[in-house]
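Per-entry structural report
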Amino acid sequence: MRAAQCLASASMLLLLAVSTAVAQAGDIAATPPMGWNSWNHFQSRVSDTLIRETADAMAANGMRDAGYVYINIDDTWEGKRDANGKITSNEKFPDMKALADYVHSKGFKLGIYSSPGPKTCAGYEGSYQHEAQDAQTYAGWGIDYLKYDWCSASTVYRSDAMPAVYKKMGDALRATGRPIVYSLCQYGQNNVWEWGAAAGGNLWRTTGDIIDKWRLSWESGWGKGMAQIGFNQNGLDRYAGPGHWNDPDMLEVGNGGMSDTEYHTHFSLWCLLAAPLLAGNDIAHMTAETKAILMNRELIAVDQDPLGKQAVVVTQVNNAQVYKKPMADGSSVLGIFNTTEWGINVTLPWRDAGLANDEQVRDLWSHEDLGRVPETFKVRVPSHGVVVIRVRQ
Ligand code: GLA
């Protein structure tokens with residue numbers, strides 16, 4: 001009896017701790033984080049100059065005002081530790097605090113990257129045994145976001161230590177008193193969605209690295225094509241919500257390895273999944289089509305909806321997969337995806353998508369109202385393409 005009571009109150013306490021962590025996290029990532037990250041396009045070519053130029057470009061081209069506020073430095077910024085063990089930036093980043101000030105003055109936030117292991121994935125200095133010190137250093141520089149990448153941690157920790165290892169940095173970030181978005185990157189191992197929020201995470205990668213291809217025909221270790229990742233997020237929806245998001249990895253839109261039709265699909269799917277929207281392309285040199293995709297405000301509103309629901313597959317018709325995302329205002333967004341190699345005609349009875357008759361329909365790519373549609377929605381979807389509609393009664 002006593003033991004049972006003890007267990008009950010211990011689990012109450014745990015629940016309380018988790019919900020407090022989630023509530024606090026909710027303050028800084030109430031909707032999926034949006035911004036840009038250097039890795040997908042630039043890898044080790046990231047520098048102070050690139051970050052400033054990217055901030056200038058994102059302020060000028062409307063991205064900041066569309067919601068892309070985090071500018072995130074990925075791997076290869078790290079220098080050595082000084083005599084006191086304090087991490088320094090390398091010659092590509094002469095003054096991190098001055099850079100943060102510049103980025104902030106333009107209305108953005110600055111993100112940085114590290115690993116719980118001794119070395120990052122690219123072999124630079126990690127945070128192993130310097131977690132609290134690094135968190136304080138980041139806060140002192142004015143950092144607003146940390147991506148924390150497992151990498152060489154596997155040489156010093158067992159894989160079942162992951163929750164505790166990630167919580168250690170989560171606690172260290174919280175102890176700085178600065179709101180810092182905490183991004184867990186361990187490629188979806190150990191069902192991270194089950195413990196990521198309790199570790200203080202605001203987002204966690206659910207997969208290995210995205211590669212700028214529709215689908216890979218070869219085996220490539222951690223890397224996967226966009227469709228192989230995006231259409232494999234089913235079952236994770238219940239772990240997403242305000243403050244804590246599933247992260248199917250950063251966007252490849254505009255990087256050149258897929259067609260514009262496929263990039264429409266990529267962006268639509270990420271928005272429906274309530275995924276973080278971190279552009280990963282060369283912002284200062286993008287095409288009008290790339291810009292139109294990344295700045296489709298009606299789609300961004302789907303991603304950023306305050307209800308914070310991740311879409312689920314509700315039906316499959318004529319070889320199309322139909323995703324549905326409930327919205328805060330009572331409307332629903334449907335994504336009708338064609339992953340086949342041919343164009344297809346889709347005939348979707350509303351009831352198959354759990355909807356009533358006479359839905360009022362708006363196309364979120366053509367930006368047109370299609371009026372009321374009685375019982376069945378009919379549309380042609382190109383190969384590897386998508387039609388996204390918002391429907392309401
Ligand atoms: C891992 C991550 C990538 C990127 C690189 C940097 O592969 O998954 O997103 O951060 O490391 O080295």
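Residues numbered from 1 in each chain as written. Predicted model: local features only at pLDDT ≥ 70, side-chain atom pairs only at ≥ 80, totals over all residues. Heavy atoms only, no water.

This next bit is on the site of the ligand. Close to the ligand lie 13 residues, the nearest being Asp74, Asp75, Lys147, Asp149 and Asp209. Within the side chain of aspartate 149, a nitrogen or oxygen atom sits 2.9 Å from an oxygen atom of the ligand. Residue classes in the shell around the ligand are distributed as 7 nonpolar, no polar and 6 charged. (Near = heavy atom within 4 Å. Polar contact = N/O pair within 3.5 Å; in protein donor to acceptor, adjacent residues only side chain to side chain. Nonpolar A, V, L, I, M, F, W, Y, C, P; charged D, E, K, R; others polar.)

Relative to the elements of secondary structure, glutamate 262 occurs in helix H10 (residues 260-272). Among buried Asp, Glu, Lys and Arg side chains, glutamate 262 stands out as unpaired, with lysine 213 the closest opposite charge at 8.5 Å. Discounting chain neighbours no more than four positions away, the residues touching glutamate 262 are Trp214, Met226 and His384. (Helix = DSSP H or I, 4+ residues; strand = E, 2+ residues; numbered from the N terminus. Buried < 20%, exposed > 50% of the residue type's maximum accessible area, 1.4 Å probe, protein only. Lys, Arg positive; Asp, Glu negative; His and termini not counted. Salt bridge = Lys/Arg side-chain N within 4 Å of Asp/Glu carboxyl O. Contact = heavy atoms within 4.5 Å.)

This part covers the sheet that holds strand E17 (residues 359-363). Strands pair in a sheet through their backbones, by hydrogen bonds, and they do so in one of two ways: parallel or antiparallel. Across the sheet, 6 strands lie side by side as E13-E14-E15-E20-E17-E18; this open sheet has antiparallel pairing. Pairing within the sheet leaves two strands with one partner each, and these edge strands are strand E13 (312-317) and strand E18 (368-373). For this sheet, the mean inter-axis angle between neighbouring strands, taken without regard to orientation, is 25°. Against the sheet, H10 touches strand E14 (320-326), strand E15 (332-338) and strand E20 (386-392), its axis set at about 145° to E15. (Pairing = 2+ DSSP bridges. Axes fitted to C-alpha atoms, helices over the stretch in contact; angles between N-to-C directions.)

Here the domain parsing of the protein chain yields domain 1 (27-303) and domain 2 (312-392). Taking only C-alpha atoms into account, the centre of domain 1 sits 31 Å from that of domain 2. Tallying the contact residues gives 24 residues for domain 1 and 20 residues for domain 2. For the pairing of domain 1 and domain 2, the buried interface totals around 1800 Å² over both sides, and the portion due to carbon and sulfur atoms is 68%. The interface formed by domain 1 and domain 2 contains 1 salt bridge. A salt bridge links glutamate 298 to arginine 362; the nearest nitrogen and oxygen atoms lie 2.7 Å apart. Taken together, domain 1 and domain 2 are joined by 8 residue pairs in polar contact (both at pLDDT 80 or more). No other element matches H10, which puts 9 residues into the side of domain 1 that touches domain 2. Residues belonging to the side of domain 1 that touches domain 2 are distributed by class as follows: 13 nonpolar, 7 polar and 4 charged. (Domains from an automatic or database assignment. Buried area = accessible area lost by both parts, 1.4 Å probe.)

What follows concerns the packing of helix H6 (residues 131-141) against helix H7 (residues 162-175). Running from amino to carboxyl end, H6 crosses H7 at an angle of 40°, the nearest separation of the two axes being 8 Å. When the interaxial angle is binned, H6 and H7 end up oblique. Considering the relative orientation of H6 and H7, their crossing is right-handed. Listed contacts from H7 to Glu131, Ala132, Asp134, Ala135 and Gln136 of H6 are Lys168, Met169, Ala172, Leu173 and Ala175. (Parallel < 35°, antiparallel > 145°, perpendicular 65-115°, else oblique. Left-handed = near helix turned anticlockwise from the far one by under 90°.)

Okay, the state of the cysteines next. Using the criterion set out here, one finds 1 disulfide in the structure. At a sulfur-sulfur separation of 1.9 Å, the disulfide partner of cysteine 121 is cysteine 151. Sign of the S-S torsion, about -95° for the bond between cysteine 121 and cysteine 151, identifies this disulfide as left-handed. Separated by 30 residues along the polypeptide, cysteine 121 in the loop between strand E5 (109-114) and H6 and cysteine 151 in the loop between strand E6 (145-149) and H7 bring together distant segments of the chain. You can see cysteine 185 has no disulfide; the closest cysteine sulfur is in cysteine 121, sitting 6.7 Å from it. (Disulfide = S-S within 2.5 Å.)

Here strand E7 (residues 181-185) lies mainly inside the structure; 5 of its 5 residues are buried. Of the two faces of E7, the one holding Val181, Ser183 and Cys185 and the one holding Tyr182 and Leu184 are both buried throughout. Where E6 meets E7, 5 bridges bridge the pair, whose relative direction is parallel. Looking at E7, one finds that tyrosine 148 is bridged to leucine 184. Handedness of the E6-H7-E7 crossover: right-handed. (Right-handed = clockwise from strand over helix to strand, strands pointing away.)

What follows covers the sheet that holds E5. Pairing is parallel across the open sheet formed by 8 strands, whose spatial order is E11-E8-E7-E6-E5-E2-E1-E12. The open sheet is flanked by strand E11 (245-247) and strand E12 (277-279), the only strands paired with a single partner. Between one strand axis and the next, the sheet turns by 25° as a mean value, whatever way the strands run. As judged from the 2 bridges shared by E7 and strand E8 (residues 203-205), these two strands associate in the parallel manner. Looking at E8, one finds that serine 183 is bridged to leucine 203.

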